[in-house]
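Below, each chain spelled out in residue letters.
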Amino acid sequence: MPFKLMAAAMMIAAATLPLSANTTIDELVQATKDGEYKNITSILVAKDGVVVDEYYFAGRDVRSLHNTRSVTKSLTSMAVGAAVYQGALLDENERVFQFFGDVGPHDNMSDTKREITVRDLMTMSSALACNDSDPASPGYEDKMHERANWTEFVLNLPTMEGYARNEDGFGPFRYCTAGSFLIGQLLERAVGLSMDEFTDDVLFGPLGIREYEWYRSPSAEEQTGGGLLLSSRSLWKVAELVRAGGMWHGRRLLPRGWTSAMTSPQVSVDETTSYGYLWWVGEFKSVTTGASYPAYYMSGNGGNKVVVIPSLKLVTVITSTNYNTPGMHEQTTEMLERYILPAYERGAVHQGR
């Protein structure tokens, strides 16, 4: 075997072996192999910036690209931050429709619609009549997928009846993939590059991420609301960039304060969960100590999760193909709370399966 191929094979083999002697993680891996956790494709844990556990399942390996669905949205908010840092956007309060005069006029235009900002779209609190939890909603994601030109579809959406902002300037939270997609089209106009080119220049290139693939509309628009293919290691690097406040190996990629705003509660989702700038904000609770750990995380259909727990300096990547399945998100939350937190928190004694 040529040396380069042998070295690559050794690297892949090493990445599928345990990198720590942590019996609690061993139990998680065995439970996954035994089918207790369904359709898991990878588990990666990094402590203080170093990968300490990394496992692959269902034929995947360290080079495999995973479709983590809406995890893509969190990367889109980072691209917005990069555009602000590059000077292509003033800030997140830029009004959206000013960037789309080349494809106007737009249906259902009103003062309420003209006032929609990038922040509104990133916090899922815009006036657009768009709710992915309601198939009858005009902006429901699957309705967009039926169209050839997704930009036109989103720009022509009506606004929500009775829309009003609260005292902090936010409307009600309604999960809207179409709005996240529109951010990407806005960025292309702001920076003068495709999202593929721009993210490669300001995020993926500096992070050393070479292999990735965008999901696209029938008219080749990059879907910044979901479907971007990345490896588990690449997802970890993205999370580490955020944990480091937008710095990577001494180079600033995101403006000061951006990651803090992005991962802080902006709007309330329910009693236990908030939403930042296309990042989820909440807590995870250890089953052994009962301690709750504030976290921010990327989340996608299938139960895909990239979780940052700042107090433990911990990043966890769990990829899954358990799409559109009841309990998909609860499954990966259990993996984190039952095994991963107890493996790395101080004072935990794992009780066994």
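See the structure shown above.
Please read these numbers as outputs of a predicted model, since none were measured by experiment.

## Points about the overall build of the protein
When its secondary structure is counted, the protein shows 12 helices and 12 strands. A compact globule built from 353 residues should have a C-alpha radius of gyration of about 20 Å, and the protein, at 20 Å, falls within 12% of that. Overall size of the protein, expressed as C-alpha extent along the three principal axes, is 60 × 50 × 40 Å. Counting across all 353 residues of the protein, residues that qualify as buried make up 55%. Considering only residue pairs separated by 6 or more positions, the protein has 66% of its internal contacts joining residues 24 or more positions apart. For the protein, the accessible area works out to roughly 15,100 Å², and carbon and sulfur atoms hold 49% of it.

## Digging into the environment of E152
Locating E152 in the fold gives a position in helix α7 (residues 150-155). E152 sits 123 residues away from Y275 along the chain, and the two C-alpha atoms are 27 Å apart.

## Details of the nonpolar core
M78, V96, V154, F204 and I340 are the most contacted members of the largest nonpolar core, which has 101 residues in total. Residue contributions to this core peak at eight residues, all from helix α3 (residues 71-86). When residues no more than four places from it in sequence are discounted, the contact partners of V96 are I116, T117, V118, L121, L182 and L186.

## Remarks on the packing of aromatic side chains
Working definition: an aromatic ring pair is given by the centre-to-centre distance plus the angle between the planes. For the structure on display, the rule yields 11 aromatic pairs. Each ring, one from F204 and one from Y212, has its centre 4.5 Å from the other, and the planes form 45°; the classification is tilted. Under the relative-accessibility criterion, Y212 is labelled buried at 17%. Ring centres of W279 and Y296 lie 5.7 Å apart, and the angle between their planes is 70°; on these two criteria the pair is classed as edge-to-face. Remark: Y296 occurs in strand β10 (residues 292-300) and W279 occurs in the loop between β8 (274-275) and β9 (280-285); sequence separation between them is 17 residues. Classification of W279 as buried rests on a relative accessible area of 0%. In this structure Y296 comes out as buried when scored by relative accessible area, which is 10%. An aromatic cluster is present here, built from F173, Y175, Y275 and W280 joined pairwise through their rings. Here R69 stacks its cationic end above the ring of Y323, 3.7 Å away from the centre of that ring.

## Describing the state of the cysteines
Considering all chains together, one arrives at one disulfide under this definition. Paired by a disulfide, C130 and C176 hold their sulfur atoms 2.1 Å apart. Handedness here is read from the sign of the S-S torsion; for C130 and C176, about 95°, the answer is right-handed. One end of the pair, C130, is in the loop between α5 (118-122) and α6 (141-145); the other, C176, is in the loop between α7 and α8 (177-191), with 46 residues separating them in the sequence. For C176, a relative accessible area of 7% translates into the label buried.

Basis of the calculations
- Residues numbered from 1 in each chain as written.
- Predicted model: local features only at pLDDT ≥ 70, side-chain atom pairs only at ≥ 80, totals over all residues.
- Heavy atoms only, no water.
- Helix = DSSP H or I, 4+ residues; strand = E, 2+ residues; numbered from the N terminus.
- Rg over C-alpha atoms; globule rule 2.2 N^0.38 Å.
- Buried < 20%, exposed > 50% of the residue type's maximum accessible area, 1.4 Å probe, protein only.
- Contact = heavy atoms within 4.5 Å.
- Areas by Shrake-Rupley, 256 points an atom, 1.4 Å probe, with all protein chains shown as cover.
- Core = buried A, V, L, I, M, F, W, Y, C linked by side-chain atoms within 4.5 Å.
- Phe/Tyr/Trp six-rings, centres within 6.5 Å; stacked < 30°, edge-to-face > 60°.
- Lys NZ or Arg CZ within 6 Å of the ring centre and 35° of its normal.
- Disulfide = S-S within 2.5 Å.

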